[in-house]
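Summary of structural features
The lines below spell out each chain.
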Amino acid sequence: MNNKQSDARDTQFAYKVRHALDRNLDRLPESTTQRLAVARALAMSRKKQAAPFIQMQHSPRLSGVTGGTMSFPSNDSKLFAWLGRLGVVLPILLGIVLFVGIYQSQERNRIAELADIDSEILSDELPISAYLDHGFKAYLAKQDQ
C-alpha cells in the first residue's frame, strides 16, 4: 500500500471517529469529555504551523543581449547581476580566443609546410623529375618515410 492510500485511509478513519463522537457527545461521561478536550489541546499544540503565503512581486525586466535579464536591481543584487552577465559573456570571449588560437596554430603549421617545400626546392635536393611530376606531394611523402 502506498503512502497516499495510507493517508487517505487515516483521514477517512478520523472523519468517522469525529462523526461518531459528534453523534454521541451528549451520552459521553464528563471525565471522557475532559480527557478528549485535553487530548485535542495537546494535538493542536503539536500541529505543524502552516507555511506563510508568499506573493512574488514582479518587477519590470528587459531581455538583454546576454540572454539574462536586465532589471533595476537594488544595491544588494547589483553584484549578482554583474556576475550573471559575466557568466554569459565570459564563455563567449573564451570561445573567441580559442578560435583565434586554433586558427593561428593551423596557419603556422601551413606556413611551416610551405617553407619546407620551398627550402627543398631552393636547395636543389630534389631531382628534376619531381618538378615535372603531378604527384609532387606524393613524392615528398615518400622521401619523408
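1. Some thoughts on the overall build of the protein
Looking only at helices and strands, one finds 5 helices and 2 strands in the protein. When its helices and strands are written in sequence order, the protein yields α-α-β-β-α-α-α. Looking at the protein residue by residue over its 145 residues, the buried ones come to 3%. As displayed, the protein offers around 13,700 Å² of accessible surface, 61% of which is attributable to carbon and sulfur atoms.

2. A short note on the layout of surface pockets
Space inside the largest pocket adds up to approximately 370 Å³. Forming the walls of the largest pocket are Arg 18, Leu 21, Asp 22, Leu 25, Thr 33, Leu 36, Ala 37 and Arg 40. Elements with a minimum of two residues in the lining of the largest pocket: α1 (3-23) and α2 (30-46). A per-element tally of the lining of the largest pocket places α2 first, with 4 residues. Of the residues contributing to the lining of the largest pocket, the split by class is 4 nonpolar, 1 polar and 3 charged.

3. Thoughts on the pattern of salt bridges
This structure, assessed with the given rule, holds 1 salt bridge. Of the charged contacts in the structure, one is a salt bridge between Arg 110 and Glu 107, with a shortest N-O distance of 2.8 Å. A residue pair is termed a helical-turn pair when its members lie 3 or 4 positions apart in one helix, as Arg 110 and Glu 107 do in helix α3 (residues 78-122) at 3 residues. For Arg 110, a relative accessible area of 44% corresponds to the partly exposed category. Given a relative accessible area of 25%, Glu 107 falls into the partly exposed group.

4. With respect to a nonpolar patch on the surface
Judged by side-chain polarity, Val 89, Ile 92, Leu 93, Ile 96, Phe 99 and Val 100 come together as a nonpolar surface patch covering roughly 550 Å² of accessible area. For Val 100, the location among the structural elements is in helix α3.

5. Details of the confidence of the model for the protein
For the protein, per-residue confidence averages 77 on the pLDDT scale, and residues scoring 70 or more make up 73% of the total. The least confident element of the protein is strand β2 (residues 69-70), whose mean pLDDT is 51; the most confident is α3, at 87.

Analysis parameters
- Residues numbered from 1 in each chain as written.
- Predicted model: local features only at pLDDT ≥ 70, side-chain atom pairs only at ≥ 80, totals over all residues.
- Heavy atoms only, no water.
- Helix = DSSP H or I, 4+ residues; strand = E, 2+ residues; numbered from the N terminus.
- Buried < 20%, exposed > 50% of the residue type's maximum accessible area, 1.4 Å probe, protein only.
- Areas by Shrake-Rupley, 256 points an atom, 1.4 Å probe, with all protein chains shown as cover.
- 1 Å grid on protein atoms, 1.4 Å probe; cavity = no way out; pocket = protein on both sides within 12 Å on 5 of 7 lines; lining within 4 Å.
- Points joined across faces, edges and corners; volume = space filled by probe spheres on them.
- Nonpolar A, V, L, I, M, F, W, Y, C, P; charged D, E, K, R; others polar.
- Salt bridge = Lys/Arg side-chain N within 4 Å of Asp/Glu carboxyl O.
- Patch = residues over 30% accessible without salt bridge, like charges linked within 9 Å, V, L, I, M, F, W, Y side chains within 5 Å.
- pLDDT = per-residue confidence, 0-100.

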